[in-house]
Amino acid sequence: MKSKDWNEMKNMTDVELGAKLSELQDKLFKLKFRHLTTPVKNPLEIRNIRRNVARIKTLIAQKKESKIR
């Protein structure tokens, strides 16, 4: 992931992060399902999307933690 994308994600609101998370999870589900039937051209895309989902979940958790304290 480019640092520019990471900085953009850091500046997103909770609502925007939630929307991006659901979008990526849906994309990941469809990509995995498609990969089971026929191999996709770029299987590394699955890994990249999975990691982006984890990054967004981490950002959401960090923002919740900072609001609690």
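(A) Geometry of helix α2 (residues 14-37). Between its terminal C-alpha atoms α2 stretches 35 Å, which fits the 34 Å expected from 24 residues at 1.5 Å a residue. When α2 is considered as a whole, its buried residues turn out to be Leu17, Leu21, Leu24, Leu28 and Leu31. For α2, the secondary structure elements touched by its buried residues are α1 (3-10) and α3 (44-68).

(B) Spatial organisation of the pattern of salt bridges. For the structure on display, the rule yields three salt bridges. Between aspartate 26 and lysine 30 there is a salt bridge, with its nearest N and O atoms 3.4 Å apart. Here aspartate 26 pairs with lysine 30, and both are found in helix α2, just four residues apart, close to one helical turn. Among the residues examined, aspartate 26 registers a relative accessible area of 38% and is labelled partly exposed. The partner of lysine 27 in a salt bridge is glutamate 45, and the shortest N-O contact between them spans 3.9 Å. Of the two residues, lysine 27 sits in helix α2 while glutamate 45 sits in helix α3, which places them 18 residues apart along the sequence. Take glutamate 45: its relative accessible area is 29%, and that puts it in the partly exposed class.

Reading the values: rules and limits
- Residues numbered from 1 in each chain as written.
- Predicted model: local features only at pLDDT ≥ 70, side-chain atom pairs only at ≥ 80, totals over all residues.
- Heavy atoms only, no water.
- Helix = DSSP H or I, 4+ residues; strand = E, 2+ residues; numbered from the N terminus.
- Expected span 1.5 Å × (residues − 1).
- Buried < 20%, exposed > 50% of the residue type's maximum accessible area, 1.4 Å probe, protein only.
- Contact = heavy atoms within 4.5 Å.
- Salt bridge = Lys/Arg side-chain N within 4 Å of Asp/Glu carboxyl O.

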